[in-house]
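Analysis of the macromolecular model
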Amino acid sequence: MHTDTERCVRAVQSKDARFDGWFFTAVVTTRIYCRPSCPVVPPKAENMTFYPSAAACQQAGFRACKRCRPDSTPGSPEWNQRADLVARAMRLIGDGIVDREGVPGLAGRLGYSARQVERQLLAELGAGPLALARAQRAQTARLLIETTALPMAEIAFAAGFSSIRTFNDTVREVFALAPGELRARAPKQAAGAAPATSGALCLRLPFRAPLNPDNLFGHLIATAVPGVEEWRGGAYRRTLSLPYGHGVVALTPYPDHIGCRLSLTDLRDLTIATSRCRRMLDLDADPAAVDGQLRDDPVLAPLVDKAPGRRVPRTVDEAEFAVRAVLGQQVSTAAARTHAARLVTAHGTPVKDPEGGLTHLFPSPQSLAALDPEALALPRSRRATLTTLVRHLADGSLRLGVESGWEEARARLTELPGFGPWTVEVIAMRALGDPDAFLPSDLGIRRTARELGLPHTPAALTARAAAWRPWRAYAVQYLWATDDHPINRIPA
């Protein structure tokens, strides 16, 4: 996108928010970089240059605009619709892997050399993994500076900086303000609004409009596991297992953003918690591209026009969702919740939740690896499926994560007993994030297809759905939404 200068100039001159996150505008006369929708008067075309990432702008010597806050834009949808090396690397960097394991850790998870990863990222994004991680740390630091009363030293280490000096230098370079000056400019109602002692933060998660929250939150609420998830006070709340501790998040849909209240036991988990919440709600999607293509189908067009902007409800933990997918095989939503709740009570880690009714973290594969199959109130074949899955997840022979290659993960899952096409594809769609995952054998999809006059056998429907690629997972959401099911509505 950033190489198409004419198109970029048009987007900037029209202040088109749809392109926020796709590219960044650097103004050579002011040495400032902005998002395309920056509200200031657009610069002359000859004074604009375009970069694919905020990190590339910073490396070229530009500082972030204080007006449009380009570091707070939605992420590029490219990383959610691809599964190549660069996309997987960007998802891992967003998950904080460089801060925890360094570039060698990033390369090791991807199965490439550090040099190859660096070369690929530089070629496409204009910045290497360290620069991309640095830009992310700067964004986290700004967030903590402006929304908490934490001492600057604590913020520096919570944001992932190795020293206070590096923190100070980075903040000055990126924002052209010292950390203290950045806090002084913050809105009064935001500065210190969340008590530092509680680790609670109130954030605004941006997205590309439109966003239809009905099926997104409805699905999460209807399938919520008691003790791990709940709907309370107009917010979807759940517990989070994080690298440095645990957390509780409350997510509330608003017309122009998602309200996010995070309570963390360790603020170093802020970046990864925010990244996982954005991923679960599919907030970096590009609804203009998705809905535009689906509207080309005369059968889907009325569904899209009725409620545009549907997202794919995903997960904060890929292994957790895989376990829940097995528990949900051939049973009702209520039965799946009951089976999952029993596992949580028996094997989950207890947590305290003063603000609600959450009681446990979902059990990890390691804690489930030693469970007694006879204690499971499941058919014998499904017990074998579940125990085989958790054993492979626990020993690392099966890896489901943001770094996973979608086709490789499908192949590994298919090799396991009890994993048919429906289970593999629902994991690909909601855990791995493949936007083209498709469920032609799903009973709800087949029933809707028949009602709409579409082919309703799996093979014929798959052939008919070729025109929906690469957005078949979104087509599934529109087809599901025609049914009067709790997953399609937010409780009153």
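The notes below deal with the structure included here. (Residues numbered from 1 in each chain as written. Predicted model: local features only at pLDDT ≥ 70, side-chain atom pairs only at ≥ 80, totals over all residues. Heavy atoms only, no water.)

Counting its secondary structure elements, the protein contains 23 helices and nine strands. For 492 residues, the compact-globule estimate of 2.2 N^0.38 gives 23 Å, and the C-alpha radius of gyration of the protein, at 23 Å, lies within 12% of that figure. For the protein, the spread of C-alpha atoms along the principal axes amounts to about 65 × 50 × 50 Å. Relative to its 492 residues, the protein shows a buried fraction of 56%. By sequence separation, contacts in the protein at least 24 residues apart represent 68% of the contacts at least 6 residues apart. For the protein, the computed accessible surface area is about 20,100 Å², with 53% contributed by carbon and sulfur atoms. Between the mean site of the 60 positive side-chain charges and the mean site of the 50 negative ones, the protein shows a separation of 2 Å. (Helix = DSSP H or I, 4+ residues; strand = E, 2+ residues; numbered from the N terminus. Rg over C-alpha atoms; globule rule 2.2 N^0.38 Å. Buried < 20%, exposed > 50% of the residue type's maximum accessible area, 1.4 Å probe, protein only. Contact = heavy atoms within 4.5 Å. Areas by Shrake-Rupley, 256 points an atom, 1.4 Å probe, with all protein chains shown as cover. Lys, Arg positive; Asp, Glu negative; His and termini not counted. Charge placed at Lys NZ, Arg CZ, Asp CG, Glu CD.)

Per the counting criterion, the structure on display carries seven aromatic pairs. Ring geometry for Tyr51 against Phe62: centres 5.9 Å apart, planes inclined by 55°, an arrangement best described as tilted. Linking Tyr51 in strand 3 (residues 48-51) with Phe62 in the loop between helix 2 (54-59) and strand 4 (63-64), this pair joins segments that are eleven residues apart in sequence. Residue Phe62 is classed as buried on the basis of its relative accessible area, which comes to 3%. Judged by centre distance (5.9 Å) and plane angle (75°), the rings of Trp471 and Tyr474 are edge-to-face. A residue is classified by how much of its surface remains accessible, and Trp471, at 8% relative accessible area, is buried. Residue classification places Tyr474 among the buried positions, given a relative accessible area of 4%. (Phe/Tyr/Trp six-rings, centres within 6.5 Å; stacked < 30°, edge-to-face > 60°.)

Right, let's get into the state of the cysteines. A complete count under the given rule lists zero disulfides for this structure. Take Cys8: it sits in no disulfide, and the sulfur closest to it among the cysteines is that of Cys57, at 11 Å. No disulfide involves Cys277; its sulfur sits 4.8 Å from that of Cys260, the nearest cysteine. Cys277 sits in the buried class, given a relative accessible area of 0%. (Disulfide = S-S within 2.5 Å.)

Taken in spatial order, the five strands of this open sheet run 5-9-8-7-6, and their pairing is antiparallel. Each of the sheet's edge strands pairs with one partner strand only, and the pair in question is strand 5 (200-205) and strand 6 (229-232). Each strand axis lies, on average, 25° off the axis of its neighbour in the sheet, ignoring direction. (Pairing = 2+ DSSP bridges. Axes fitted to C-alpha atoms, helices over the stretch in contact; angles between N-to-C directions.)

On to helix 11 (residues 213-222), then. Counting buried positions along helix 11 gives eight out of ten residues, so the element sits mostly inside the fold. Of the positions making up helix 11, those classed as buried are Asn215, Leu216, Phe217, Gly218, His219, Leu220, Ile221 and Ala222. Capping the start of helix 11, Asn212 holds a side-chain oxygen 2.9 Å from the backbone nitrogen of Asp214, two or three residues further along. (Polar contact = N/O pair within 3.5 Å; in protein donor to acceptor, adjacent residues only side chain to side chain.)

On to the packing of helix 13 (residues 287-294) against helix 23 (residues 472-480), then. Orientation of helix 13 relative to helix 23, taken along the N-to-C sense of each, is 70°, at an axis distance of 10 Å. On the basis of their axis angle, the class for helix 13 and helix 23 is roughly perpendicular. Remark: the crossing between helix 13 and helix 23 carries right-handed chirality. The residues of helix 23 that touch helix 13, namely those facing Val290, Asp291 and Leu294, are Tyr474, Ala475 and Tyr478. Along the lines of polarity and charge, the residues of the contact of helix 13 with helix 23 split into five nonpolar, no polar and one charged. (Parallel < 35°, antiparallel > 145°, perpendicular 65-115°, else oblique. Left-handed = near helix turned anticlockwise from the far one by under 90°. Nonpolar A, V, L, I, M, F, W, Y, C, P; charged D, E, K, R; others polar.)

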